[in-house]
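Summary of structural features
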Amino acid sequence: MKKLLEISLGVVTSVGGFLEVGSLATAAQAGALFDFQLIWAILLGTICIIFLVEMAGRFAAVSKHTIADGLRERFGFNAFLWPLVTTLLVNFLVLSAEIGGVSIAGELATGIGFQWWALPVALVAWLLLWKGTFGLIEKGVSLLGLVTLCFVVAAVILRPDWTRVAVSSMPSLPHHDTATYWFMAVSILGASVSPYLFMFYSAGAIEDKWDKSYLGINRAIAGLGMSFGGTISIGVLIVAALVLGANGITQVDDYHQLPLMLTPVFGFWGFVLFVASLGIACFGATVEIALQQAYLVAQGFGWNWGEDLKPRDDPGFAMVYTVTILAAAIPIALGLDPLKLTIFSMALTAASLPLTVVPFLFLLNDESYMGQNRNGVISNAAVLLIIALGFVLAVVAIPLQIFGGS
Amino acid sequence: MRMIRDVLDKQVVDRNQVKIGKIDGIVAQLRRGRPPRVAAVEIGSIALARRLGPLPGRWMAIVAAKLGGERHAKPHRVAWSKVRDIGLDIELDIDVHKTAICDWQDWLRDHIVGKIPGA
């Protein structure tokens, strides 16, 4: 019974935490321009993240190391610097984009320009980190995130042609805008397979004091939570295709076009639901990414860390998220377009994947960490495929950004 | 036990289980006609910077001495005999607050973090 409760809570939190500015924006753009055709990219990204999250959780539960700890310890400081610097940089851009997402929600709700929201948003998120506990952030914020399920409800109400939805789960070649098509596929993959997601998950497993008895729970949370989360992204894509694309809005290059997505279904409440979804989903991600930056640095250098500690007991850790979150708000406060930043940082995330994914192959097969719980054939095959995909993405992301990015 | 695999870059805690840092360097003593002996472990930014090369090491030593004074001009060393346990973490038989290793965190707490309400 306790296990079941823990699984459902874990699934609920990962569903609530799945949607963020990247998956929302990329799915909406893809749906508007290419109808259902890019559903396969969300599906592929979701399968990849299921495997990576499961492995990150298993690594933490068995070895009692976070992924960042493992990277430093197994590969040494000099090698660790590469994923460290890259991830910090990419996460910083994504964090900025998330703050931008909340700020846009603020603008949509009040009419006050998004630039004015960036610093207040950062301040509230920081306050939650400063005073809150890990449980509050993990459960509270993600529970609120369940509001994003409204996209799934809307998608079902709109009665899409389910045969075409099913057909789109297999990749197919585009009929128009070829470069844009592949660029969107890359940004969708970048949005789904976010290093911050699985690194945060492994730190969470340590914060929640997981041990080997959690391996089943871990598998269920990774599988169910990420699948349901991916379903929300697919919901966004379907709604965008049927509402925006069908009404001639194929180029989503402005956040102001997006709230229209839900109004044909829910009327005025559709607008409210959209603003709430955007605001809450991005706020949750803001808090998690800022926390992940602090985890990464503190774990990499061995400082005291823990969201349940008071800031005075881990001053280095607390200072990292404080500085990061305030610095990330500055570009938005200066008026940088959040949508452009989002799409750019998703492509960059995709390009950075090899650096964070290749180590999984070594860490999860290392007997001294994993003992009997090393990767089996299926997990290893999955990692190899994700690594191959990561290298392809790393090579094509930047050229596609130039030719296919808007 | 293999020093590089099992000791270097591992988490270090003091006798009160406070996380001090990672093993950033290992000091071995060369002895004529006998195998080298591990004398100490090093913790901190200078030891880390030295792993990137002699030049970053020298720069970091200058910066650390400028910021922290004479006590921080060299890497922090803890004698190998203080190693109490090598398991998940490496436990050193020291009290970190009596060393200079976490001076910067103490400074951060006293001058910045502690001044913000709610810390």
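Residues numbered from 1 in each chain as written. Chains lettered and ligands numbered in written order. Predicted model: local features only at pLDDT ≥ 70, side-chain atom pairs only at ≥ 80, totals over all residues. Heavy atoms only, no water.

**Some points on the overall build of chain A**
Scanning chain A from terminus to terminus reveals 17 helices and zero strands. A globule of 406 residues ought to have a C-alpha radius of gyration of about 22 Å, and chain A, at 20 Å, matches this closely. With respect to the principal axes defined by its C-alpha atoms, chain A has extents near 55 × 50 × 45 Å. The buried share of chain A, reckoned over its 406 residues, is 61%. Accessible area for chain A stands at about 14,900 Å²; split by element, carbon and sulfur atoms hold 72% of it. With 17 positive and 24 negative side-chain charges, chain A shows a spacing of 9 Å between the two charge centroids. (Helix = DSSP H or I, 4+ residues; strand = E, 2+ residues; numbered from the N terminus. Rg over C-alpha atoms; globule rule 2.2 N^0.38 Å. Buried < 20%, exposed > 50% of the residue type's maximum accessible area, 1.4 Å probe, protein only. Areas by Shrake-Rupley, 256 points an atom, 1.4 Å probe, with all protein chains shown as cover. Lys, Arg positive; Asp, Glu negative; His and termini not counted. Charge placed at Lys NZ, Arg CZ, Asp CG, Glu CD.)

**Comments concerning the confidence of the model for chain B**
When pLDDT is averaged along chain B, the result is 93; 100% of the residues meet or exceed 70. Listed scores for the predicted complex are pTM 0.95 and ipTM 0.94. (pLDDT = per-residue confidence, 0-100.)

**With respect to the pattern of salt bridges**
Evaluation of the coordinates by the stated rule reveals 18 salt bridges over all chains. Close ionic contact of K22(B) with D69(A) constitutes a salt bridge, the shortest N to O distance being 2.8 Å. With one member in each of two chains, K22(B) in strand β2 (residues 19-22) and D69(A) in helix α4 (residues 67-110) form a pair that bridges those chains. The two residues K22(B) and D69(A) agree in class, both being buried. R109(B) is the salt-bridge partner of D106(B), the closest N and O atoms lying 2.5 Å from each other. Placement of the pair is D106(B) and R109(B) together in helix α4 (residues 103-111), with a separation of three residues, close to one helical turn. (Salt bridge = Lys/Arg side-chain N within 4 Å of Asp/Glu carboxyl O.)

**Remarks on the layout of surface pockets**
There is about 730 Å³ of room inside the largest pocket. Elements with a contribution of two residues or more to the lining of the largest pocket: β2, α2 (45-52), α3 (54-68) and α4 of chain B. For the second largest pocket, the lining is made up of 21 residues, of which K64(A), I206(A), E207(A), W305(A) and K19(B) are closest to its centre. Of all the secondary structure elements, the ones that give two or more residues to the lining of the second largest pocket are α4 and α10 (195-207) of chain A together with β1 (11-13) and β2 of chain B. Of the residues forming the lining of the second largest pocket, the biggest block, three residues, is contributed by α10(A). (1 Å grid on protein atoms, 1.4 Å probe; cavity = no way out; pocket = protein on both sides within 12 Å on 5 of 7 lines; lining within 4 Å. Points joined across faces, edges and corners; volume = space filled by probe spheres on them.)

**Considerations on the pairing of strand β5 (residues 76-79) of chain B**
Residue and element names in this part refer to chain B. Because side chains alternate across β5, one face comprises the buried residues H76 and V78, and the other comprises R77 and A79, none of which is buried. Of the strand pairs in this sheet, strand β4 (residues 34-43) and β5 are connected by four bridges, and their pairing is antiparallel. Bridging from a neighbouring strand, V41 pairs with V78 of β5. (Pairing = 2+ DSSP bridges.)

**Considering the pairing of β4(B)**
All names here are of chain B. For strand β3 (residues 25-31) and β4, the ladder comprises six bridges, and the chain directions are antiparallel. The partner of V27 across the bridge, within β4, is A40. What sits between β3 and β4 in their antiparallel hairpin is a turn of two residues, with G33 showing a positive phi close to 80°.

**A few points about the packing of aromatic side chains**
Residue and element names in this part refer to chain A. All told, the structure shown has 20 aromatic pairs over all chains when counted by the stated rule. Judged by centre distance (6.0 Å) and plane angle (65°), the rings of F268 and W269 are edge-to-face. In this pair, the class of F268 matches that of W269, namely exposed. Through pairs of rings, three or more aromatic residues link up here, namely F134, F200, Y295, W305, F317 and Y321. Over the ring of F75 we find R74; its NZ or CZ atom is 5.6 Å from the centre of that ring. (Phe/Tyr/Trp six-rings, centres within 6.5 Å; stacked < 30°, edge-to-face > 60°. Lys NZ or Arg CZ within 6 Å of the ring centre and 35° of its normal.)

**Considerations on the sheet that holds β1(B)**
All names here are of chain B. The strand order across the open sheet built from four strands is β2-β1-β7-β6, with neighbouring strands paired in mixed fashion. The open sheet terminates on both sides in strands that have one partner only, identified here as β2 and β6 (83-86). Pairwise comparison of adjacent strand axes, ignoring direction, gives a mean angle of 25° for this sheet. By the bridge criterion, three bridges tie β1 to β2 in an arrangement that is antiparallel. Along β2, the bridge assignment pairs V12 with G21. (Axes fitted to C-alpha atoms, helices over the stretch in contact; angles between N-to-C directions.)

**A short note on the packing of helix α7 (residues 150-157) of chain A against helix α11 (residues 215-244) of chain A**
When two helices pack together, their arrangement is captured by the angle between the axes and the distance separating the axes. Residue and element names in this part refer to chain A. Orientation of α7 relative to α11, taken along the N-to-C sense of each, is 50°, at an axis distance of 8 Å. Judged by the angle between their axes, α7 and α11 are oblique. Viewed along their axes, α7 and α11 form a crossing whose handedness is left-handed. For the pair α7 and α11, contact is made by F151, V152, A154 and A155 and by T231, I232, G235, V236, I238 and V239, respectively. Here the contact of α7 with α11 is composed, by residue class, of eight nonpolar, two polar and no charged. (Parallel < 35°, antiparallel > 145°, perpendicular 65-115°, else oblique. Left-handed = near helix turned anticlockwise from the far one by under 90°. Contact = heavy atoms within 4.5 Å. Nonpolar A, V, L, I, M, F, W, Y, C, P; charged D, E, K, R; others polar.)

**Notes on α7(A)**
Residues and elements named next belong to chain A. Those residues of α7 lying buried are C150, F151, A154 and A155. Looking straight down α7, one finds its buried side chains confined to an arc of 140°; they lie on one side. R159, located one to two residues past α7, shows a positive phi value of around 50°. (Arc of directions from axis to C-beta.)

**With respect to the environment of I67(A)**
Within the secondary structure, I67(A) sits in helix α4. The spatial distance from the C-alpha of I67(A) to the C-alpha of F360(A) is 8.6 Å, given a sequence separation of 293 residues.

**Considerations on unusual backbone geometry**
Even without being a glycine, K209(A) presents a positive backbone phi close to 55°. Within the secondary structure layout, K209(A) lies in the loop between α10 and α11. Residues other than glycine seldom take positive phi values, yet Q17(B) does so here, at roughly 65°. Along the chain, the position of Q17(B) falls in the loop between β1 and β2.

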